[in-house]
Amino acid sequence: MSVHGLPTEKMSPVEEVMLIFLYSYLPSPPVSTSPSLCCAAAAADKADRVSRLPDNLLRRVVSLLTAKDGARTTVLSSRWRGIWRSSPTVLVDTHLLPSGDGERRPARAGDASRSVTDAVSAVLESHPGPFPFVSLTCSFMMDGAHSDLLERWFQLLATKGVDELVFVNHSWPPSRGLPLPSSLFSCASLCRLFIGAWVFPDTAALPRGAAFPNLRHLVLACVAIKDNDLEFVLAASPVLEILTVTGSLTPLRARLTSHSLRCSSACPPSRRTTVKIGHAPKLRVLGYLEPGVHVLQISNTIIEAGTKASMHTTVPSVQMLAVQLQFAFCSEVEMLPSFLRCFPSVETLVVESRAHRETLINLNFKIWQQASPIECVQSHLKTLAFHELQGKHNEFAFLKFIAENARRLERMFILIKNELSYTERQVVAAGVGSLYCANWASRDCNVQYKISSLPVGCSTWSLPRGSDLFLDDPFEAFREE
């Protein structure tokens, strides 16, 4: 078995899931290898009408071709060579494979991967730029022998201009002896950056003034990065709006402090992680938080069960929050009220009930009866989406708490897990009945029930959707409607 060419025999199950996640959500390039560059002229008309077009229109046409097809136009005439050199070029290394198929990346370092690496170097050296989109995911960078090559690539990209960069090391696990070069920070034109399977450079050694002045979207997937380096990136990215960290290879306790950050997501966590939120006045969307995995810290306060809300423990800018937890574990359920108190302005809450194997008997049905008032529930919550309802009593205790305290609630959307035992179905039926009999705080709330189509063990989280600020439903809370 392989994951995008990489053999999985020596991988742990966690590593395999992380890599599947990484390669499944690589940004799609704006050009495709599907259309053919060749077109047959009509037998009765062999006139070259394309060459009659003005240069600016031809440059637009060439910019929509792959780097390989764009380079092929240079054999037509000296005019076409000038057109290619003056056209923005999209560089995607999977387009340089013999098959042109990203699903068939080389399985190991060898002639195939070296030929792609050489082709990338040739394009970067020969074309004057700019490069609106560059995706490099086929090269095996395993030791210091590649350090000069990496340095040269980033120097060329910085000089010629790159707007969006996807850079994944196809070698697994990432080499601790070959971090990303510090010249990455010289790419001042970057607007979107996706880094996968790399060790992040030591920012302490960077020259004064190193920054990403135009970076708006950053994805760190399967990256080994230290807390101080992530905090440096946030401080050096004054217009950063979206931060996604998935499958971090090192425990993170970095503080999310940013005047521009609007959306932060982390999934799937591979180990216990501290989520620190400092001054983030534009942070509107946050998720998924997991009480069983994440330690939440607001300013200098670590949030614990029973933590009271104060100006030092709240993030009032967040309006959409997503959480995942196992309702069978009281330790996780007891943290949920405290998490909710930290975000007093939440209007949309997405809760995903995670599956569990153990049968527990230490359930506490009075957690929500004893919970003190929660501002977001009482004063702001308009929409609740509850995913993968499994028929646990703690689930219905939470839903009843929302029903009886959310005065502005307009909609409750519940997805029921599609593979339930007979006993679980009975519990769900009884719970639904008790929920209808609750003393609802909002008389105008619309309640919907659907059977989930999500395969068992899967999550609703999607990196592209979770990172799209233009979507009203980035967590696919209402995907089953």
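A brief report on the enclosed structure follows. (Residues numbered from 1 in each chain as written. Predicted model: local features only at pLDDT ≥ 70, side-chain atom pairs only at ≥ 80, totals over all residues. Heavy atoms only, no water.)

## A few points about the overall build of the protein
No. 1: What the protein contains, in helices and strands, is 12 helices and 19 strands.
No. 2: Each of the 481 residues in the protein was classed as buried or not, and the buried ones make up 52%.
No. 3: In the protein, once contacts between residues fewer than 6 apart in sequence are set aside, the share between residues at least 24 apart is 72%.
No. 4: Counting every atom, the protein has about 21,900 Å² of accessible surface; 53% of that belongs to carbon and sulfur. (Helix = DSSP H or I, 4+ residues; strand = E, 2+ residues; numbered from the N terminus. Buried < 20%, exposed > 50% of the residue type's maximum accessible area, 1.4 Å probe, protein only. Contact = heavy atoms within 4.5 Å. Areas by Shrake-Rupley, 256 points an atom, 1.4 Å probe, with all protein chains shown as cover.)

## A closer look at the side chain of Gln 390
No. 1: Of note, Gln 390 is situated in the loop between β17 (383-389) and α10 (393-405).
No. 2: A distance of 3.1 Å separates a polar atom in the side chain of Gln 390 from the backbone oxygen of Arg 354. (Polar contact = N/O pair within 3.5 Å; in protein donor to acceptor, adjacent residues only side chain to side chain.)

## Quick word on the sheet that holds strand β13 (residues 294-298)
Hydrogen bonds between backbone groups are what pair the strands of a sheet, and the pairing can be parallel or antiparallel.
No. 1: Read from one edge of the open sheet, four strands run β9-β11-β13-β14, paired in mixed fashion. The sheet terminates laterally at β9 (255-256) and β14 (301-302), the two strands that pair on one side only.
No. 2: Two elements, strand β11 (residues 273-277) and β13, share five bridges in a ladder whose sense is parallel. Its bridge partner being in β13, Thr 273 is matched across the sheet by His 294. (Pairing = 2+ DSSP bridges.)

## Thoughts on the packing of helix α2 (residues 55-63) against helix α4 (residues 78-85)
No. 1: Running from N to C, α2 and α4 cross one another at 65°; their axes reach a closest spacing of 9 Å. For the pair α2 and α4, the crossing hand works out as right-handed. Contact residues: Asp 55, Leu 58, Arg 59 and Val 62 in α2; Arg 79, Trp 80, Ile 83 and Trp 84 in α4.
No. 2: For the contact of α2 with α4, the class distribution of residues is five nonpolar, no polar and three charged. (Axes fitted to C-alpha atoms, helices over the stretch in contact; angles between N-to-C directions. Left-handed = near helix turned anticlockwise from the far one by under 90°. Nonpolar A, V, L, I, M, F, W, Y, C, P; charged D, E, K, R; others polar.)

## Looking at the environment of Lys 392
No. 1: Mapping Lys 392 onto the fold places it in the loop between β17 and α10.
No. 2: Along the chain, Lys 392 and Val 427 lie 35 residues apart, while their C-alpha atoms are 7.3 Å from each other.

## A short note on α10
No. 1: Here α10 spans 18 Å end to end across 13 residues, near enough to the 18 Å set by a 1.5 Å rise per residue.
No. 2: Listed in full, the buried residues belonging to α10 are Asn 394, Glu 395, Phe 396, Ala 397, Phe 398, Leu 399, Phe 401, Ile 402 and Ala 403.
No. 3: Tucked inside the fold, the buried residues of α10 contact α8 (330-341), β16 (348-353), α9 (375-380), β17, β18 (411-416) and α11 (422-436). (Expected span 1.5 Å × (residues − 1).)

## A look at the pairing of strand β6 (residues 192-196)
No. 1: Here β6 lies mainly inside the structure; four of its five residues are buried.
No. 2: Pairing analysis gives five bridges linking strand β5 (residues 162-168) to β6, with the strands arranged parallel. Within the sheet, the bridge partner assigned to Leu 165 lies in β6 and is Leu 193.
No. 3: Of the strand pairs in this sheet, β6 and strand β7 (residues 217-221) are connected by five bridges, and their pairing is parallel. Each residue of the ladder has a partner; that of Ile 195, found in β7, is Leu 220.

## A word on the nonpolar core
No. 1: Core analysis: the largest hydrophobic core is formed by 102 residues, its most contacted members being Ile 277, Phe 343, Phe 398 and Met 412.
No. 2: Once you skip the residues sitting within four places of it in the chain, Ile 277 turns out to touch Arg 255, Leu 256, Leu 283, Leu 286, Leu 296, Gln 297, Ile 298, Ser 299, Val 315 and Phe 343.
No. 3: Listed in part, the 20 residues of the second largest apolar core include Val 90, Val 166, Ala 197 and Ala 221. (Core = buried A, V, L, I, M, F, W, Y, C linked by side-chain atoms within 4.5 Å.)

## Describing the state of the cysteines
No. 1: Tallying each qualifying case throughout the model produces zero disulfides.
No. 2: As a non-bridged cysteine, Cys 342 has Cys 376 as the owner of its nearest cysteine sulfur, 9.8 Å distant. (Disulfide = S-S within 2.5 Å.)

## Brief notes about the environment of Val 120
No. 1: Structurally, Val 120 can be placed in helix α5 (residues 111-126).
No. 2: Exposure remark for Val 120: the relative accessible area of 0% places this residue in the buried category.
No. 3: When the C-alpha positions of Val 120 and Ser 139 are compared, they lie 9.7 Å apart, and in sequence the two are 19 residues distant.
No. 4: Contacts of Val 120, omitting those with residues within four sequence positions, involve Leu 91, Asp 93, Leu 96, Leu 136 and Trp 153.

## Re a nonpolar patch on the surface
No. 1: Judged by side-chain polarity, Val 50, Leu 53, Leu 57 and Val 61 come together as a nonpolar surface patch covering roughly 290 Å² of accessible area.
No. 2: Within the secondary structure, Val 61 sits in helix α2. (Patch = residues over 30% accessible without salt bridge, like charges linked within 9 Å, V, L, I, M, F, W, Y side chains within 5 Å. Salt bridge = Lys/Arg side-chain N within 4 Å of Asp/Glu carboxyl O.)

## Observations regarding the packing of aromatic side chains
No. 1: In the structure shown here, the tally under the stated rule is 12 aromatic pairs.
No. 2: Ring centres of Phe 185 and Phe 232 lie 5.8 Å apart, and the angle between their planes is 75°; this geometry places the pair in the edge-to-face category. Here Phe 232 lies in helix α7 (residues 227-235) and Phe 185 lies in the loop between β5 and β6, a separation of 47 residues in the sequence.
No. 3: For Phe 232, a relative accessible area of 26% puts it in the partly exposed group. (Phe/Tyr/Trp six-rings, centres within 6.5 Å; stacked < 30°, edge-to-face > 60°.)

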